[in-house]
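# Observations on chain architecture
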Amino acid sequence: MQLVMLETNGNQRYIFSSPRLRDNIGASSLLTHLEQWTGEALTSTGAARAWRASHGLPAGPGADESQWVSRSSGKVIVMVDEPSQARAVIGEVTRRALAQAPGMDVSGVHLDMGGKTHVDEDLLTRIHA
């Protein structure tokens, strides 16, 4: 299993890159789209379907709640089964940010969970490093 973290960087620089309040509010709103983009990437890459199948969950639209570790404005952490799925999700989200929110800095990393089935403090420390 792979732990995947996607995070926005330089948020204040991005939000306040324009002196116009309307632009600042729009940029701030775009940061909240990371969760939606990740959920859609999990579905479109097949990572959500594979997760449901490998964990004996019923088929359904979108990612299963058990796949999500953390969701907040500007940072999401999810689990996927394979490294190729992790790379596909990261690639899709970063390309979407580039196309829909130019100037937003989104980075993604993944790491092998080493046979663990649940996220613990050690994994969270390693993914943040």
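For the structure, see preceding data.
Residues numbered from 1 in each chain as written. Predicted model: local features only at pLDDT ≥ 70, side-chain atom pairs only at ≥ 80, totals over all residues. Heavy atoms only, no water.

## Quick notes on helix H5 (residues 83-100)
Working note: α-helix, 3.6 residues per turn, so residues spaced by three or four point in the same direction. Counted at 1.5 Å a residue, the expected span for H5 with its 18 residues is 26 Å, and the 26 Å between its end C-alpha atoms agrees. For H5, the complete set of buried residues consists of Gln 85, Ala 86, Val 89, Ile 90, Gly 91, Val 93 and Ala 97. Considering only its buried residues, H5 is in contact with strand S1 (2-9), helix H3 (34-44), helix H4 (47-54), strand S3 (75-80) and strand S4 (105-112). (Helix = DSSP H or I, 4+ residues; strand = E, 2+ residues; numbered from the N terminus. Expected span 1.5 Å × (residues − 1). Buried < 20%, exposed > 50% of the residue type's maximum accessible area, 1.4 Å probe, protein only. Contact = heavy atoms within 4.5 Å.)

## Examining the pattern of salt bridges
Taken as a whole, this structure holds 8 salt bridges when the rule is applied. Arg 96 is the salt-bridge partner of Glu 40, the closest N and O atoms lying 2.2 Å from each other. Remark: Arg 96 occurs in helix H5 and Glu 40 occurs in helix H3; sequence separation between them is 56 residues. Given the relative accessible area of 22%, Arg 96 is considered partly exposed. (Salt bridge = Lys/Arg side-chain N within 4 Å of Asp/Glu carboxyl O.)

## Things to note about the packing of aromatic side chains
The final tally for this structure, using the stated rule, is 0 aromatic pairs. In this structure, Arg 71 packs its charged tip against the face of Trp 68, placed 4.5 Å from the ring centre. (Phe/Tyr/Trp six-rings, centres within 6.5 Å; stacked < 30°, edge-to-face > 60°. Lys NZ or Arg CZ within 6 Å of the ring centre and 35° of its normal.)

## Structural notes on the sheet that holds S3
Reading across the sheet, the 4 strands line up as S2-S3-S1-S4 and stay open at both edges, with antiparallel pairing between neighbours. Among the strands making up the open sheet, the edge pair consists of strand S2 (68-72) and S4. Neighbour-to-neighbour, the strand axes of this sheet turn through a mean angle of 15°, independent of strand direction. As judged from the 6 bridges shared by S1 and S3, these two strands associate in the antiparallel manner. Bridge pairing links Leu 6 to Val 76 in S3. (Pairing = 2+ DSSP bridges. Axes fitted to C-alpha atoms, helices over the stretch in contact; angles between N-to-C directions.)

## Let's talk about the nonpolar core
Counting 21 residues, the largest nonpolar core has Leu 6, Leu 42, Val 89, Val 93 and Val 106 as its most contacted members. The set of elements that each furnish at least two residues to this core consists of S1, H3, H4, S3 and H5. Counting residues per element, this core draws most heavily on H5, which supplies 5 residues. Leaving out residues up to four positions away in the same chain, Leu 6 has contacts with Leu 34, Thr 38, Gly 74, Lys 75, Val 76, Val 89, Ile 90, Val 93, Val 106, Ser 107 and Gly 108. Listed in part, the 9 residues of the second largest apolar core include Ile 77, Met 113, Leu 123 and Ile 127. (Core = buried A, V, L, I, M, F, W, Y, C linked by side-chain atoms within 4.5 Å.)

## Digging into the side chain of Gln 85
With respect to the element layout, Gln 85 can be found in helix H5. Every residue in contact with Gln 85, bar those within four places of it in the chain, is listed here: Ala 47, Ala 50 and Val 80.

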